[in-house]
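Now for the letters of each chain:
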Amino acid sequence: MLDRRVETFAEAIAGIGDGATILLGGFGGAGTPLGLIAAIHAAGLRELTVVCNNGGSATADLSLWLAAGQVRKLVCSYPKSKANTTSSFSDLYRAGKIELELVPQGTLVERIRCAGAGLGGFFTPVGAGTALAEGKETRLIGGREHVFETPLPGDVALLRGRQADRLGNLTYNRTARNFAPAMATAAKLVVAEVEEFVELGALDPESVVTPGIFVDRVVRREAPQ
């Protein structure tokens, strides 16, 4: 019987190795998978490339990996948050210990979506004529300069949902879904932590945002590490 639920966070992250590219859901504190982040930290994984919205908003989120020196490269829209209680990213970047790829937010999610849809990339006017376009192909479309952006896939997507059944069908708590639906389509391994498990058939199909076909493992937030 197909069952994507796992008992512990250690099981949830099993097989993720050093050097992985991780698509990390969350927008500030909304939809951030803190349990999975803690598990990756405890496992001591290194040389990670992290694709996310921002560079940490609290000590228990991405900032945990940054402070531990686990991240080699950050791909994000907003590397420094005013709400951030740690200066880990700024310190690391100034010291040349971490790479940064700055991507406009809409471009970021569209690159992830392209990876999930199997597309080769897209042209966008966003960033044209700026430093963000350096080294990229450009083209005039309708008399306006466009920049070619490539897909942004991940080895792993770490997400946070609200409910899941044993097949991995996911619902989210309103805007806490943010990047998660796109990320779930664009990674080889998709792991979600959720508030609760429900019986198969209990979820209204209209409320399922991420179908279980995209999800490999699901763990409850209060599961042991």
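Scroll up to find the structure.
Residues numbered from 1 in each chain as written. Predicted model: local features only at pLDDT ≥ 70, side-chain atom pairs only at ≥ 80, totals over all residues. Heavy atoms only, no water.

1. Regarding the pattern of salt bridges
Taken as a whole and judged by the stated rule, the model has 12 salt bridges. One salt bridge in this structure joins E101 and K73, with 3.2 Å as the shortest N-O distance. Here the residue E101 occupies a position in strand β4 (residues 99-102), and K73 occupies one in strand β3 (residues 71-76), the gap between them amounting to 28 residues. On the basis of relative accessible area, E101 is assigned to the partly exposed category, the value being 22%. Residues E195 and R160 are paired through a salt bridge, measuring 3.2 Å at the closest nitrogen-oxygen approach. Of the two residues, E195 sits in strand β10 (residues 187-197) while R160 sits in strand β8 (residues 154-164), which places them 35 residues apart along the sequence. Each of R160, E193, E195 and R221 takes part in a single network of salt bridges with overlapping partners. (Salt bridge = Lys/Arg side-chain N within 4 Å of Asp/Glu carboxyl O. Helix = DSSP H or I, 4+ residues; strand = E, 2+ residues; numbered from the N terminus. Buried < 20%, exposed > 50% of the residue type's maximum accessible area, 1.4 Å probe, protein only.)

2. A word on the pairing of strand β6 (residues 138-141)
Two elements, β6 and strand β7 (residues 144-149), share 4 bridges in a ladder whose sense is antiparallel. Across the sheet, I141 pairs through a bridge with R144, a residue of β7. In this structure, the hairpin formed by β6 and β7 is closed by a connection of 2 residues, where G142 is found at a positive phi of approximately 60°. (Pairing = 2+ DSSP bridges.)

3. Considerations on the environment of A157
Turning to its location among the elements, A157 is positioned in strand β8. Of the residues examined, A157 reaches a relative accessible area of 0% and is grouped as buried. As for A157 and L36, which are separated by 121 residues in sequence, their C-alpha atoms are 10 Å apart. Setting aside its immediate chain neighbours within four residues, A157 contacts L23, M183, A187, L189, V190 and V191. (Contact = heavy atoms within 4.5 Å.)

4. Examining the nonpolar core
Note on soluble globular proteins: their nonpolar side chains tend to be buried together. Grouped together as the largest cluster of nonpolar side chains are 31 residues, with contacts concentrated most on L24, V50, L62, W65 and L158. Looking at which element gives the most residues to this core, the answer is helix α2 (residues 34-43), with 4 residues. Apart from the residues within four sequence positions on either side, W65 is in contact with I22, L24, I37, I40, H41, L48, V50, Q70, V71 and L158. Y172, A184, V194 and V218 belong to the second largest nonpolar core, which has 24 residues in total. (Core = buried A, V, L, I, M, F, W, Y, C linked by side-chain atoms within 4.5 Å.)

5. Some details on unusual backbone geometry
The phi dihedral of R174 is positive, around 50°, even though this residue is not glycine. As for its position among the elements, R174 is in the loop between β9 (170-171) and α6 (180-185).

6. Regarding the pairing of β8
Burial within β8 is extensive, with 9 of its 11 residues counted as buried. Two strands pair when backbone bridges link them, and strand β1 (residues 21-24) and β8 are joined in this way by 3 bridges, in the parallel orientation. Paired with L24 across the strands is L158, a residue of β8. Pairing of β8 with β10 involves 9 bridges; the strand directions are parallel. Residue pairing in the sheet places L158 in a bridge with V191 of β10. Relative to β9, β8 is paired through 2 bridges, and the arrangement is antiparallel. In the strand pairing of β9, Q163 is matched with T171.

7. Here we look at the packing of aromatic side chains
Using the criterion set out here, one finds 2 aromatic pairs in the structure. With 5.7 Å between their ring centres and 15° between their planes, F89 and Y93 make a pair best called stacked. Linking F89 with Y93, this pair stays in helix α4 (residues 88-94), spanning 4 residues, or about one helical turn. Overall, F89 belongs to the buried group, its relative accessible area being 6%. Among the residues examined, Y93 registers a relative accessible area of 42% and is labelled partly exposed. In this structure, R5 packs its charged tip against the face of F197, placed 5.7 Å from the ring centre. (Phe/Tyr/Trp six-rings, centres within 6.5 Å; stacked < 30°, edge-to-face > 60°. Lys NZ or Arg CZ within 6 Å of the ring centre and 35° of its normal.)

8. A closer look at the environment of G116
Tracing the sequence through the fold places G116 in helix α5 (residues 105-117). Remark: the alpha-carbon pair of G116 and G96, spanning 20 residues in sequence, is separated by 32 Å. In contact with G116, not counting residues within four places along its chain, are T185 and A186.

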